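Now for the letters of each chain:
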Amino acid sequence: MTKVKKGASYFYLGLVFLFLYAPILVLIVLSFNNSMSRTVWGGFTLKWYLNLTANDNIMDALGTTIRITLSSSILATILGTSAAIGIHYMKKRHAAIMLGATNIPLLNADIVTGISLMLLFTRFTPLGEFSVVLAHIAFSVPYVIFNVLPRLQSLSEACYEAAMDLGATPAYAFAKVVWPEIFPGVLSGFLMALTMSLDDFTITYFTKGAGVNTLSTMLYTQLRKGIQPELYALSTILFLLAFVLLLVINYKGEGRKEAHK
């Protein structure tokens, strides 16, 4: 009976991994296909990777995506970390109200958020790259808060107060006592904001305006006339970069755990 349960669990796990990673595997295979068709194998080639930098549309969309993603993620991390510190030191009732307000962007449908931000921006500023950055900050800040706040709640205030009693300034005590403890949460929040910004389509589509294209919105427009194979190559590179980053972060996390033992 134990072997049956074990086999069933492995089978279920295999189905989950197949469902999650089979589309990515198909994408990687198509990036090496020497054919414009998505169903016919035309032989192995690297030309889509070699032609990638020569495709101005894709490079422009990639540059826009990187600018929007990095700027919005950095600003969202700064704002989210500051907000988490403020919420942590609020009274319990006020903190509960603020956390409830912070939950709204997470629970709200993307299309509702996108349309409401579009209406707001068209009233006060032209739609463009700047409006997309503001929109991405708006939905990324809550993810940073919910990553940083648990680290603050697990931090003993006695250490900070002891540093102050020993003559440290508030800024120095924060940098030497609080920051090292909350940094993993800040980094997790930054990476989540980075991922959400890079992955977003709906809110970007409603707030980008004419002439601004990220990779996701450019891919949507190309679905009608056929996706360029160079996009398969670029998607494969982005996936491999994210995979390597994940391995590095996990490796460093294991290293810290071993050091603390």
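Note that the structure is a prediction, hence the values are computed from the model and not measured. (Residues numbered from 1 in each chain as written. Predicted model: local features only at pLDDT ≥ 70, side-chain atom pairs only at ≥ 80, totals over all residues. Heavy atoms only, no water.)

J.: Could you clarify how one ought to interpret the packing of helix α7 (residues 157-165) against helix α8 (residues 170-199) in this entry?
T.: In a pair of packed helices, the angle between the axes and the distance between the axes together describe the arrangement. With their axes 9 Å apart at the nearest point, α7 and α8 run at an angle of 140 degrees to one another. When the interaxial angle is binned, α7 and α8 end up oblique. Between α7 and α8 lies a crossing whose hand is right-handed. Residues Cys 159, Tyr 160, Ala 163 and Met 164 of α7 form the contact with α8, whose participating residues are Pro 170, Ala 173, Phe 174, Val 177 and Val 178. Broken down by class, the residue content of the contact of α7 with α8 amounts to nine nonpolar, no polar and no charged. (Axes fitted to C-alpha atoms, helices over the stretch in contact; angles between N-to-C directions. Helix = DSSP H or I, 4+ residues; strand = E, 2+ residues; numbered from the N terminus. Parallel < 35°, antiparallel > 145°, perpendicular 65-115°, else oblique. Left-handed = near helix turned anticlockwise from the far one by under 90°. Contact = heavy atoms within 4.5 Å. Nonpolar A, V, L, I, M, F, W, Y, C, P; charged D, E, K, R; others polar.)

J.: Could you clarify how one ought to interpret the domain arrangement of the protein chain in this entry?
T.: Interface size is commonly expressed as the accessible area that is lost once the parts come together. The domain architecture assigned to the protein chain consists of domain 1 (1-55 + 231-261) and domain 2 (56-227). Computed from C-alpha coordinates alone, the two centres of domain 1 and domain 2 are separated by 27 Å. Taken together, the eleven residues of domain 1 in the interface contact eleven residues of domain 2. Per-residue buried area on domain 1 facing domain 2 is highest for Asn 55, Leu 231 and Leu 234; these three make up 50% of the total on that side. The interface formed by domain 1 and domain 2 contains zero salt bridges. Where domain 1 packs against domain 2, one counts four residue pairs in polar contact (both at pLDDT 80 or more). A per-class count over the side of domain 1 that touches domain 2 returns eight nonpolar, two polar and one charged. (Domains from an automatic or database assignment. Buried area = accessible area lost by both parts, 1.4 Å probe. Salt bridge = Lys/Arg side-chain N within 4 Å of Asp/Glu carboxyl O. Polar contact = N/O pair within 3.5 Å; in protein donor to acceptor, adjacent residues only side chain to side chain.)

J.: Sorry, what's going on with the pattern of salt bridges here?
T.: Close approach of charged atoms allows side chains of opposite charge to pair. On inspection of all chains with the given rule, the structure shows one salt bridge. Here Glu 129 ties to Arg 67 by a salt bridge, and the two come within 2.9 Å at their closest N and O atoms. Of this pair, Glu 129 sits in helix α6 (residues 129-153) while Arg 67 is found in helix α3 (residues 56-88), placing the two residues 62 residues apart along the sequence. Given the relative accessible area of 27%, Glu 129 is considered partly exposed. Judged by its relative accessible area of 46%, Arg 67 falls in the partly exposed class. (Buried < 20%, exposed > 50% of the residue type's maximum accessible area, 1.4 Å probe, protein only.)

J.: I would appreciate a short explanation of α8 in the present structure.
T.: For the α-helix, the turn length of 3.6 residues means that residues three or four positions removed from each other point alike. For α8, with 30 residues, the first-to-last C-alpha span of 38 Å runs short of the 44 Å given by 1.5 Å per residue. Trp 179 marks where α8 bends most, by close to 55 degrees; the proline Pro 180 follows one to four residues later. Turning to α8, its buried residues number three or more, namely Ala 173, Val 177, Val 178, Ile 182, Gly 185, Val 186, Gly 189, Ala 193 and Ser 197. Those residues of α8 that are buried are in contact with α3, α6 and α7. (Expected span 1.5 Å × (residues − 1). Bend = angle between axes of the 7 residues up to and from the residue.)

J.: Which parts of the structure should I look at to understand the packing of helix α4 (residues 92-107) against α6?
T.: Contact pair α4 / α6: the axes reach a minimum separation of 8 Å and the direction vectors enclose 130 degrees. Comparing their axes, α6 and α4 come out oblique. As for the relative orientation of α4 and α6, their crossing is left-handed in sense. Where α4 abuts α6, its residues Leu 99, Thr 102, Asn 103, Pro 105 and Leu 106 lie against Ala 138, Pro 142, Tyr 143, Ile 145, Phe 146 and Leu 149.

J.: Looking at this structure, how should I read the environment of Val 112?
T.: Within the secondary structure, Val 112 is located in helix α5 (residues 110-124). With a relative accessible area of 43%, Val 112 lands in the partly exposed category. It is 9.5 Å that separates the C-alpha atoms of Val 112 and Thr 202, two residues lying 90 residues apart in sequence.

J.: What is the right way to look at the nonpolar core in this model?
T.: Counting residues in each nonpolar core, the largest one holds 19 residues, and the members touching the most others are Ala 84, Val 148 and Leu 152. Looking at this core element by element, the count peaks at nine residues for α6. With residues up to four places along the chain from it excluded, the contact list for Val 148 reads Thr 81, Ala 84, Gly 185 and Val 186. Listed in part, the eleven residues of the second largest apolar core include Leu 215, Met 218, Leu 231 and Tyr 232. (Core = buried A, V, L, I, M, F, W, Y, C linked by side-chain atoms within 4.5 Å.)

J.: Can you help me understand the packing of aromatic side chains in this one?
T.: Under the defined criterion, the tally for this structure stands at eight aromatic pairs. Ring-pair connections join several aromatic residues into one group, and the members of that group are Phe 32, Phe 44 and Tyr 49. Positioned over the ring face of Phe 124 is Arg 123, at 5.3 Å from the centre of the ring. (Phe/Tyr/Trp six-rings, centres within 6.5 Å; stacked < 30°, edge-to-face > 60°. Lys NZ or Arg CZ within 6 Å of the ring centre and 35° of its normal.)

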